[in-house]
Amino acid sequence: MTQSYRRSGDEMPQDRPYAYGDDHGQGYGHEAYGGTPGAGFSEQAVPPPPPYAPERRRRARRPVALIAAVALASGLIGGGSAALIAGATQPSAQNSSSTPLVNAGKTSGSGVSGVAKAVSPAIVEIKAQSAKGESTGSGVVVTSGGEIVTNNHVLAGADTVTVTFNDGSRKTAEVVGTDPGKDLALVKVRGAKNLTAASLGDSSKITVGDQVVAIGSPEGLTGSVTSGIVSALDRDVTVPKEEGQGQQDGPGDRGGWPFEFGGNQYNGDTGASKTSYKAIQTDASLNPGNSGGALINMQGQIIGINSAMYSPSSASSSTAGSVGLGFAIPINTVKDDLDALRGGGNSGV
C-alpha cells in the first residue's frame, strides 16, 4: 500500500487556504507535476487548481456585470424617452373628450373669429341724413337682392340713406317700410344683386348663458366685432316711437338711444309716445352705432337685432363705453314682421 508522508517542517499552514502556496509563491504539491514521485503528495492526490483562478473569474464577471448594467440603464433611458415622446404626441384620455367650438362656416374657421368671418359680409353701416342731422347705425342684409333690416330709430325722418358694406363700397338705399311699434325698418339698396345675405336663426331656441357675437358700427367704426353671452331673456324694454325723440344714434349723441327698463329711464327721456317689446339681454359690448346690427349665435345665425344699450355717459364723452347691458329684438319678431315691412310697414302708434 502506498504511503504518503510529509517531510519535517512541511506542515501545511492552518491560516491559509489549500493550494495558495507558501510565503514565496511556491505552491504545495508541486512535486506531483514534475518532482520525484513519492517526494511530495502521492500520485493519486488531487492537483490544486491553477493559481489565481478565482481572481480571473472575478475579473471576467465584472465586465459582464458592467455591460449588463449599462444595457439596463440604456433600456430604462430609452423607455423613458419613448414615454415622453408618446406623451407629447398622443392626446391623453382626459383631453380626448373636450368639445370643440362649432364652426360658423365650412371654410371660416371656428369660434368668434369664424363667426365674424362668415357673417361680417352681411352686416352694413347705415347713415341716415335728415333735416335734423345725420344718424349712424347698422343693418343686416337679409336677401341677396339688397333688402336690409335695421332699427326704425336709425332711419326715422331720414331723407337719404347711404349703406357702407364690409368691403368699403357704398350704395344708396331707399326706405321700404317702417314699424315704430317694434322699432324695425326695412331698406333696399338700389341696383343690388348677389349680395351676401345673413342666415336667420330661431330665437326661441337660445338659452341664458349661450355665447353670442355682436357685429355693427359703434361710433362709426364699421364692422366692429364683440362677443359675450345671453344674460337674460324676455326683458321688457321700452323705447320711443315718435320721430325726433333722441333719434341720433352715433358720434353726435353720446347718450345713445333712450330706453326704459324696470320703471327707470336710461340715456335720456323716452317721451310720451313709446312702445315695449320682449328683448334679449346680452353682455356683448354695444355702443351707439350698434343699433340695427346683428346678434349672432355660434352657428353663424342671426338671433337678434341690437336695438338698445345702457350708456352711463349721457353728460360726458370721457366716460363713454359699454357696461355690459345691451338689448336685442328677437329675430323671430323680425321674421314675423318682414312681410308687413315689405308692404310699407305699420306707421301707426
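Residues numbered from 1 in each chain as written. Predicted model: local features only at pLDDT ≥ 70, side-chain atom pairs only at ≥ 80, totals over all residues. Heavy atoms only, no water.

Secondary structure assignment for the protein yields five helices and 15 strands. Every one of the 349 residues in the protein was classed for burial, and the buried ones make up 38%. For the protein, the proportion of contacts with a sequence separation of at least 24, taken over those separated by at least 6, is 65%. Entry remark: accessible area of the protein is about 18,800 Å², with carbon and sulfur atoms responsible for 52%. (Helix = DSSP H or I, 4+ residues; strand = E, 2+ residues; numbered from the N terminus. Buried < 20%, exposed > 50% of the residue type's maximum accessible area, 1.4 Å probe, protein only. Contact = heavy atoms within 4.5 Å. Areas by Shrake-Rupley, 256 points an atom, 1.4 Å probe, with all protein chains shown as cover.)

The six strands are arranged β1-β2-β3-β6-β5-β4 in a closed barrel whose pairing can be described as antiparallel. Going across the sheet, the axis of each strand differs from the next one's by a mean of 40 degrees, ignoring polarity. By the bridge criterion, two bridges tie strand β2 (residues 133-141) to strand β3 (residues 147-150) in an arrangement that is antiparallel. Following the sheet pairing, V140 is matched in β3 by V149. (Pairing = 2+ DSSP bridges. Axes fitted to C-alpha atoms, helices over the stretch in contact; angles between N-to-C directions.)

On to helix α5 (residues 331-342). Between its first and last C-alpha atoms α5 spans 16 Å; for twelve residues at 1.5 Å apiece the expected length is 16 Å, and the two agree. Taken as a whole, α5 has its buried residues at I331, V334, D337, L338 and L341. Along the long axis of α5, the arc covered by the buried residues comes to 145 degrees, so they all point the same way. Opposite the buried face of α5, at more than 90 degrees from it, the exposed residues are D336 and D339. Its buried side turned inward, α5 meets β3, β5 (170-179), β6 (184-189), β7 (199-200), β14 (301-309) and β15 (326-330). (Expected span 1.5 Å × (residues − 1). Arc of directions from axis to C-beta.)

Moving on, we come to the pairing of strand β1 (residues 123-130). With six of its eight residues buried, β1 lies for the most part within the structure. Bridge analysis of β1 against β2 gives eight bridges, and the strand direction is antiparallel. By the bridge assignment for β2, K127 is matched with T136. Hairpin geometry of β1 and β2 is characterised by an intervening segment of two residues between the two adjacent antiparallel strands. Of the pairings in the sheet, the one linking β1 to strand β4 (residues 160-164) comprises five bridges and is antiparallel in character. Its bridge partner being in β4, K127 is matched across the sheet by T162.

Let us now look at the pattern of salt bridges. Under the defined criterion, the tally for this structure stands at seven salt bridges. Among the ionic pairs, K127 bridges to E125, the shortest N-O distance being 4.0 Å. With a relative accessible area of 25%, K127 lands in the partly exposed category. Judged by relative accessible area, which is 4%, E125 ranks as buried. One salt bridge in this structure joins K274 and E260, with 2.5 Å as the shortest N-O distance. Of this pair, K274 sits in strand β12 (residues 274-282) while E260 sits in strand β10 (residues 259-261), placing them 14 residues apart in sequence. Given the relative accessible area of 30%, K274 is considered partly exposed. Put simply, E125, K127 and E134 are held in one network by salt bridges that share partners. (Salt bridge = Lys/Arg side-chain N within 4 Å of Asp/Glu carboxyl O.)

Turning to the environment of S273, a few remarks are in order. Inspection of the secondary structure assignment puts S273 in the loop between β11 (264-266) and β12. Placed 34 residues apart in sequence, S273 and V239 show a C-alpha to C-alpha distance of 8.7 Å.

Take the confidence of the model for the protein next. Here the protein shows a mean pLDDT of 74. Residues at 70 or above account for 60%. Across residues 1-43, confidence stays below pLDDT 50; counting only partners more than four residues off in sequence or on other chains, it has 27 contacts. Counted against residues more than four places away or in other chains, residues 244-254, with its pLDDT under 50, gives 44 contacts. (pLDDT = per-residue confidence, 0-100.)

All right, on to the side chain of E147 then. As for its position among the elements, E147 is in strand β3. Classification of E147 by relative accessible area gives buried; the value is 13%. Within the local environment of E147, its side chain forms a polar contact with the side chain of R342, the two groups lying 2.9 Å apart. (Polar contact = N/O pair within 3.5 Å; in protein donor to acceptor, adjacent residues only side chain to side chain.)

The phi dihedral of D183 is positive, around 55 degrees, even though this residue is not glycine. Residue position: D183 is located in the loop between β5 and β6. The class of D183 is buried, set by a relative accessible area of 1%. Even without a glycine there, the phi angle at N194 is positive, about 55 degrees. For N194, the position within the fold is in the loop between β6 and β7. Under the relative-accessibility criterion, N194 is labelled exposed at 70%.

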